[in-house]
Amino acid sequence: MTETNGSRPSVVVVGGGFAGIHAAKALDEVADVTLVDPSDTFLHNLASWRALVQPEWLDRIFLPYDRLLAHGRFVRDRAVDADGTGVTLASGERLAADYVILATGSSYPFPAKTDETDVDVARSRFLAAHHALHASASALVIGAGAAGLELAGEIKTAYPDKDVTLVDLADDILPGPYDQELRTELRRQLDGFGVRLVLGSPLRALPDTPAATAAPVTVTTEAGDELSADIWFRAFGVTPATGFVTGSLANARDDQGYLRVDDQLRVVGHENVYAIGDIGDADRNMAATARLQAQLVAANLVARITGAGEVTGYEKLPPMVAIPLGPEGGAGQLPGIEGLAGPDVIAQVKGRSMLMEAYDDLFNVEPAA
């Protein structure tokens, strides 16, 4: 059934991360789309670690939001409240909407992500971290999940002579629903790079100096291992960005801060409010799931708006991951590939380009001459 009387319905997308940009772009032709984000640019943070070791990537990974939409508009502001009829901004402006898509994502320690809202300040901070790493003979990475593994691989690929230690309280690397064969292969490659793994014992305390800055640090595990380095990086600590929701939306937030959603990714109890990407409880926090959820919500809204097509439910993805260890290394579990995806496959699908071309296309970036 068509939900419009001839005028284009209004959609406010809150958050310009992976989920938000895909949803806004997909709806731009059928609705009056307003994309809201406090930053002036999208950070393609899949390549943040690469930019840390190769700062020339900083010219590529920040993409201006004003290049995204052909018909809709971008509003640089912060949402402080949202409900089924619209969004209230920090400036006091109220954006009325027929549909609200919440896609504010999650926070994560710098430099995987940054909370800087000005692109020049963000670039300067990345450059400072690069120079600090460049000047350091040794690096400590705390957290052996996907982010920590990628970071260790990037450092050792760019700086083979640096000592890199990767530490985690878990007994093995890469928590999650993945085949043990994948962990074994990643550990083999890390060993080949010369990365030292210290696993199975928590730290007595985190370093008291800021991460990603040049300052000698020493930490001790509960098992008694003393670890020293010239710089350290925090590679753990995802927090869903749902602190702005209030009222009945806040009632849908679970104990970890995620918004509970139904099979159509609508916030529980709200017909026209959707939560996609890292803030919803539908799936794991990954750029790939954010994109797929955005596409599903957009397709469902197109069906509701135009009356063409069927509304469908979201199906959780099977375990999948692609972990580059530098441009040419890494391993993963990918759909359509039996067994492990090895270094050649990971380099081709992600490691060399970090998926930059797809986002250049999304933002209408002119190819370099």
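Cut-offs used in this document
Residues numbered from 1 in each chain as written. Predicted model: local features only at pLDDT ≥ 70, side-chain atom pairs only at ≥ 80, totals over all residues. Heavy atoms only, no water. Phe/Tyr/Trp six-rings, centres within 6.5 Å; stacked < 30°, edge-to-face > 60°. Helix = DSSP H or I, 4+ residues; strand = E, 2+ residues; numbered from the N terminus. Buried < 20%, exposed > 50% of the residue type's maximum accessible area, 1.4 Å probe, protein only. Lys NZ or Arg CZ within 6 Å of the ring centre and 35° of its normal. Domains from an automatic or database assignment. Buried area = accessible area lost by both parts, 1.4 Å probe. Salt bridge = Lys/Arg side-chain N within 4 Å of Asp/Glu carboxyl O. Polar contact = N/O pair within 3.5 Å; in protein donor to acceptor, adjacent residues only side chain to side chain. Nonpolar A, V, L, I, M, F, W, Y, C, P; charged D, E, K, R; others polar. Core = buried A, V, L, I, M, F, W, Y, C linked by side-chain atoms within 4.5 Å. Contact = heavy atoms within 4.5 Å. Pairing = 2+ DSSP bridges. Axes fitted to C-alpha atoms, helices over the stretch in contact; angles between N-to-C directions.

A. Seen up close, the packing of aromatic side chains. All told, the structure shown has seven aromatic pairs when counted by the stated rule. When the centroid spacing of 5.1 Å and the interplanar angle of 65 degrees are considered together, the rings of Phe110 and Phe126 count as edge-to-face. With a gap of 16 residues between them, Phe110 in the loop between strand 10 (106–107) and helix 4 (119–134) and Phe126 in helix 4 connect regions that are remote in the sequence. Of the two residues, Phe110 and Phe126, neither departs from the other in class, the shared state being buried. Between the NZ or CZ atom of Lys162 and the centre of the ring of Tyr159, over which it lies, the distance is 4.5 Å.

B. Layout of the domain arrangement of the protein chain. Here the protein chain is described as being made up of domain 1 (10–110 + 238–306) and domain 2 (119–237 + 319–363). Averaged C-alpha coordinates put domain 1 and domain 2 at centres separated by 27 Å. Overall, the association of domain 1 and domain 2 removes approximately 3,600 Å² of surface from exposure, summing both partners, and the carbon and sulfur fraction of that is 68%. It is Trp49, Leu52 and Phe110 that lose the most area in domain 1 upon contact with domain 2, and together they represent 23% of the buried surface on that side. In this structure, Asp360 and Arg60 form a salt bridge, with 3.7 Å as the shortest nitrogen-oxygen distance. Linking domain 1 with domain 2 are 12 residue pairs in polar contact (both at pLDDT 80 or more). Here the side of domain 1 that touches domain 2 gets five residues from one element, more than from any other, and that element is helix 2 (residues 48–53). Taken together, the residues that form the side of domain 1 that touches domain 2 break down as 23 nonpolar, six polar and six charged.

C. The pattern of salt bridges, seen in detail. Going through the model one piece at a time under the given rule, you end up with 17 salt bridges. In this structure, Asp278 engages Lys113 in a salt bridge whose closest nitrogen and oxygen atoms are separated by 3.7 Å. With Asp278 in the loop between strand 18 (273–275) and helix 8 (287–306) and Lys113 in the loop between strand 10 and helix 4, the pair connects residues that are 165 residues apart, well separated along the chain. Each member of the pair, Asp278 as well as Lys113, is classed as buried. Salt bridges linked by common partners bring Asp262, Arg266, Glu271 and Arg304 together as one network.

D. Quick peek at the nonpolar core. Membership of the largest hydrophobic core comes to 108 residues, with the highest contact counts inside it found for Ile101 and Leu102. The leading source of residues in this core is helix 8, at nine residues. Two domains each put at least three residues into this core: domain 1 (10–110 + 238–306) and domain 2 (119–237 + 319–363). Not counting residues within four places of it along the chain, the set of residues in contact with Leu102 comprises Val14, Ala82, Phe244, Val245, Leu249, Leu259, Val273, Tyr274, Ala275, Ile276 and Ile279. With 10 residues, the next largest nonpolar core counts Leu203, Val219, Ala229 and Trp232 among its residues.

E. Region of the structure containing the sheet that holds strand 9 (residues 99–102). Read from one edge to the other, the open sheet built from five strands follows the order 5-2-1-9-18, with strand pairing classed as parallel. Among the strands making up the open sheet, the edge pair consists of strand 5 (73–76) and strand 18. Along the sheet, successive strands turn relative to each other by an average axial angle of 20 degrees, direction set aside. Where strand 1 (residues 10–14) lies against strand 9, four bridges are found, and the strand directions are parallel. Within strand 9, the position partnered with Val11 by the bridge is Tyr99. Docked against the sheet, helix 1 (residues 18–27) engages strand 1, strand 2 (32–37) and strand 9, running at close to 160 degrees with respect to strand 2. Strands strand 9 and strand 18 of the sheet are contacted by helix 8, whose axis makes an angle of about 180 degrees with strand 9.

F. View of the side chain of Ser106. Relative to the helices and strands, Ser106 resides in strand 10. For Ser106, a relative accessible area of 12% translates into the label buried. Within the structure, Ser106 has its side chain in polar contact with the side chain of Asp278 (distance 2.7 Å). In this structure, Ser106 is in contact with Lys113, Val238, Thr239, Pro240, Ala241 and Asp278, ignoring residues within four places of it in sequence.

G. Region of the structure containing the environment of Ala322. When you line up the elements, Ala322 lands in strand 19 (residues 321–324). Taking the C-alpha atoms as reference, Ala322 lies 27 Å from Arg125; in sequence the two are 197 residues apart. Setting aside its immediate chain neighbours within four residues, Ala322 contacts Glu150, Ala331, Gly332, Leu334, Ile346 and Lys350.

H. Main features of the sheet that holds strand 16 (residues 231–234). What the four strands build is an open sheet, ordered 13-12-11-16; its pairing is parallel. What marks the edges here is a single partner per strand, and that holds for strand 13 (196–199) and strand 16. Neighbour-to-neighbour, the strand axes of this sheet turn through a mean angle of 20 degrees, independent of strand direction. Each of strand 11 (138–142), strand 12 (163–168) and strand 16 touches helix 5 (residues 146–158); the most contacted strand, strand 12, lies at about 175 degrees to it.

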